[in-house]
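Residue-level listing of the chains:
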There are 2 protein chains.
Amino acid sequence: MRWEGDVLALLDQTELPEAERVLRLRTAGEVAEAIARMRVRGAPAVGLAGAYGVALESLRAQERGEDPVAAALRAAQQLRSVRPTAVNLSAAVDAMAELARAGAAPGRLVAEAQALHQRDLERSKRLIEHGVKLLRTGSRCLTHCHTGPLATGGGGTALGVLLEGHRRGLVAEVLVGETRPRLQGARLTALELGRAGVPYAIVADGASSSLIAAGRVDQVWIGADRVARNGDVANKVGSLGLGLACADGAVPFHVAFPWTTFDAALARGGDAEIEWRDSSEVLELAGRRVAAAGAQALNPAFDVTPARLVTAWITDVGVARSADELERFSGTATPRLEPASSPAAGRRTRG
Amino acid sequence: MRWEGDVLALLDQTELPEAERVLRLRTAGEVAEAIARMRVRGAPAVGLAGAYGVALESLRAQERGEDPVAAALRAAQQLRSVRPTAVNLSAAVDAMAELARAGAAPGRLVAEAQALHQRDLERSKRLIEHGVKLLRTGSRCLTHCHTGPLATGGGGTALGVLLEGHRRGLVAEVLVGETRPRLQGARLTALELGRAGVPYAIVADGASSSLIAAGRVDQVWIGADRVARNGDVANKVGSLGLGLACADGAVPFHVAFPWTTFDAALARGGDAEIEWRDSSEVLELAGRRVAAAGAQALNPAFDVTPARLVTAWITDVGVARSADELERFSGTATPRLEPASSPAAGRRTRG
């Protein structure tokens, strides 16, 4: 993800691993489409794309001689709910809207989106530094979905930790849940691990529990789309099953996320809105029908893992070993890391 | 599955749901190939196919003027380990080999395979009668893989219970785990439910845990490939995850199988041989590569669910509510149900 003067450049994640197609988005509508179709995905990356989308619309209005503030607010309205589960999107878009409402010019909105982007990079680095301390030499890890550099503005979350852990000689092998229906694990995580030279193997999602039970996995690492005040984790569907298998097998279950993914306003994970996507994602694969004719499908895209199943929450502001510890971060994290003037910072401390 | 004079006729399950292709198998080699490629699958059906395979080879030898006993024993050797996890195959083939060793003519072997087939049909009926008693009006059930009539000689196991339960107005809806990598749920279970007019929806395997946790499922029903003396269940990979989710959510977890799937010689599920299949099943779908280039995969085809996660074992000889109760069946079941002269019966009471 790159800001190129007056457009947002993005790698189309739906074309990977077959092709590296760069999208150049000029409007909030184009950003909304890219988010809805998961051309850009991963909670942090979606948040940043949303912020840039508000700035883009404001710029376009100015070019046409229209009111940039009204355009920014319309864009924020359009973008904030395109994908409801990850808190990063609505939080980033709301922060941009607040700036616009206060009269920020398009250039100021662009600068703010870039500042969010820069802070995201820094968060990734800090998170990864905290995370690698939990790895042991020879760790065999399992991850789910895709949480690498492609999914964030920077170095990634859970996969970022594993990639850095391999660089430091700690991670011996990574098992990758393929992550049906969209196969982010088989397509994107495998791509990033392969490029980095990390030994890895893809497994069907149903196989993860048994590999954990059989002692093939030392640690499980996942990202998060929204973490509730009580430590519950909304993340890609399939995460709960991993949490249950880890608890049953006494395998550490690690959840890595930037502090922007913590939602202090959400009391418990069960209150998070879970996005249900189109059934065609389950019934088809790569455009080809795989299910019986006339079949219906349910397609919840996320699930909620209760805090009791989490061993550690790894964030840029530190590692919490209990939900209480995590909640204590929320009183201190934001002032320490965000400039007091940032509307985003103001919002994140509520609740 | 039908015996047609001197050949075994089978519906090719790999072609379903797109096409209904009937295979006519003439030799043990053809049967072994059909089992290995999963043209015939499902523990009871694979066992019957193996028995017919031994009889076929004995017939063919007789036609060529060769020794039918030696041919039957060679066929048994070839067939018994084609798929190692389900006990039905080795048990049926061993029973046929014992008959051949005692000098049974080809016609006698055919008659024995047909008798096994007939007993399998009767077992299905009894199992289903026991199973439907556990259903409540309006039950919303979830199942995994495919355990319907296509997978057995007769009425099926877990799916047989759900189909009959729907006929009797008890089952309101069935959720179907798609069952990667081979999608038996999306292809075969969906096909049978659709034909029977049962309301159903396919879900990605990773989504089952969350639907169970969210209260969308009243009961989970699966089949089994091998049940150990202590009640542990080897079944299609993904079953363990369902067992863990059911235990966590206090949802009944029901395992339905004919008594031929109980392996009294196996002390615990962890001792069962788990078949690992080719990684291409995970990396490809319908012949199309879905994973990143160069990706590797692990493909364990089965997993073991410990007895502590099972609510009830539903068999043709009764419903057990504990592993102790199940083991007590093994002392009584065989004499009650098999003619004393059957070598299969003799073998099943050992251990």
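Residues numbered from 1 in each chain as written. Chains lettered and ligands numbered in written order. Predicted model: local features only at pLDDT ≥ 70, side-chain atom pairs only at ≥ 80, totals over all residues. Heavy atoms only, no water.

A.B. asks: Let's hear about the environment of A:V237: which residues, and what values?
C.D. replies: Counting through the fold element by element, A:V237 comes out in the loop between β9 (233-236) and α9 (239-249). It is 24 Å that separates the C-alpha atoms of A:V237 and A:E18, two residues lying 219 residues apart in sequence. The residues touching A:V237, leaving out its near neighbours within four places in the chain, are A:H144, A:R180, A:P300, A:A301, A:F302, A:D303, B:G206, B:A207 and B:S210. (Helix = DSSP H or I, 4+ residues; strand = E, 2+ residues; numbered from the N terminus. Contact = heavy atoms within 4.5 Å.)

A.B. asks: I'd like a rundown of the relation of the copies chain A and chain B, residues and numbers included.
C.D. replies: There are two copies of the chain, and a rotation about an axis plus a shift along that axis relates them. If you rotate chain A by 180° and push it 0.0 Å along the axis, it lands on chain B with an RMSD of 0.0 Å. The transformation just described matches what one would write down for a two-fold rotation axis. (Least-squares fit on C-alpha atoms with pLDDT ≥ 70 in both.)

A.B. asks: Report on the environment of B:D278, specifying residues and quantitative values.
C.D. replies: Residue and element names in this part refer to chain B. Within the element layout of this structure, D278 appears in the loop between β11 (262-263) and α10 (280-283). The spatial distance from the C-alpha of D278 to the C-alpha of A301 is 9.5 Å, given a sequence separation of 23 residues. There is a polar contact of 2.8 Å between the side chain of D278 and the side chain of S280. (Polar contact = N/O pair within 3.5 Å; in protein donor to acceptor, adjacent residues only side chain to side chain.)

A.B. asks: Explain the packing of aromatic side chains residue by residue, including any values.
C.D. replies: All names here are of chain A. All chains considered together, the criterion is met by 6 aromatic pairs over all chains. Aromatic side chains W259 and F262 sit 4.4 Å apart centroid to centroid with 15° between the ring planes, which places their arrangement in the stacked category. Overall, F262 belongs to the buried group, its relative accessible area being 1%. Ring pairs connect the aromatic residues W259, F262 and F329, which therefore count as one cluster. Taking the ring centre of F302 as reference, the NZ or CZ of K236 above it sits at 4.6 Å. (Phe/Tyr/Trp six-rings, centres within 6.5 Å; stacked < 30°, edge-to-face > 60°. Buried < 20%, exposed > 50% of the residue type's maximum accessible area, 1.4 Å probe, protein only. Lys NZ or Arg CZ within 6 Å of the ring centre and 35° of its normal.)

A.B. asks: Go over the pattern of salt bridges with me, naming the residues and quoting the values.
C.D. replies: With the rule as written, the count across this model stands at 58 salt bridges over all chains. The closest approach of N and O atoms between B:R180 and A:E178, which form a salt bridge, is 2.7 Å. Of this pair, B:R180 sits in the loop between β5 (171-177) and α7 (184-195) while A:E178 is found in the loop between β5 (171-177) and α7 (184-195), placing the two residues in two different chains. The burial state of B:R180 is the same as that of A:E178; both residues are buried. (Salt bridge = Lys/Arg side-chain N within 4 Å of Asp/Glu carboxyl O.)

A.B. asks: Explain the packing of helix α1 (residues 28-36) of chain B against helix α2 (residues 43-63) of chain B to me, using residue names and the numbers behind them.
C.D. replies: All names here are of chain B. Orientation of α1 relative to α2, taken along the N-to-C sense of each, is 160°, at an axis distance of 8 Å. Here α1 is positioned roughly antiparallel relative to α2, judged by the angle of their axes. Seen along the crossing, α1 lies across α2 with a hand that is left-handed. On α2, the residues that touch A28, G29, V31 and I35 of α1 are V46, A49, G50, G53, L56 and E57. The residue inventory of the contact of α1 with α2, partitioned by class, reads 6 nonpolar, 3 polar and 1 charged. (Axes fitted to C-alpha atoms, helices over the stretch in contact; angles between N-to-C directions. Parallel < 35°, antiparallel > 145°, perpendicular 65-115°, else oblique. Left-handed = near helix turned anticlockwise from the far one by under 90°. Nonpolar A, V, L, I, M, F, W, Y, C, P; charged D, E, K, R; others polar.)

A.B. asks: Which residues make up the pairing of strand β6 (residues 200-203) of chain B, and what values go with them?
C.D. replies: Because side chains alternate across β6(B), one face comprises the buried residues B:Y200 and B:I202, and the other comprises B:A201 and B:V203, equally buried. When strand β14 (residues 297-298) of chain A meets β6(B), the two strands line up parallel, connected through 2 bridges. Bridge pairing links A:A297 to B:I202 in β6(B). With 4 bridges connecting them, β5(B) and β6(B) associate as parallel partners. From the neighbouring strand, B:V176 faces β6(B), where its bridge partner is B:I202. Once the chain exits β5(B) it traverses α7(B) before rejoining the sheet at β6(B), and the crossover so formed is right-handed. (Pairing = 2+ DSSP bridges. Right-handed = clockwise from strand over helix to strand, strands pointing away.)

A.B. asks: Describe the sheet that holds strand β3 (residues 22-25) of chain A, listing the residues and the values that go with them.
C.D. replies: All names here are of chain A. The 3 strands lie next to each other as β1-β2-β3, forming an open sheet whose pairing is antiparallel. The sheet is open, and its two borders are formed by β1 (2-4) and β3, each paired with just one other strand. This sheet shows a mean twist of 30° between the axes of neighbouring strands, independent of strand direction. Sheet topology note: the strand β2 (residues 7-11)/β3 ladder contains 4 bridges and is antiparallel. Within β3, the position partnered with L8 by the bridge is L25.

A.B. asks: Pulling in residues and values, what's your account of the environment of A:G241?
C.D. replies: Among the secondary structure elements, A:G241 is positioned in helix α9. Remark: the alpha-carbon pair of A:G241 and A:D303, spanning 62 residues in sequence, is separated by 9.3 Å. Among residues more than four places away in sequence, those in contact with A:G241 are A:S209 and B:S209.

A.B. asks: Explain helix α6 (residues 158-167) of chain A to me, and be specific about the residues and the numbers.
C.D. replies: Residues and elements named next belong to chain A. Counting buried positions along α6 yields 8 of 10 residues, so the element is predominantly enclosed. Buried residues of α6: A158, L159, G160, V161, L162, L163, E164 and G165, and no others. Contacts made by the buried residues of α6 are with α5 (106-132), β4 (139-143), β5, α7, β7 (219-222) and β10 (253-256). Trailing α6 by a residue or two, G169 shows a phi angle of about 80°, which is positive.

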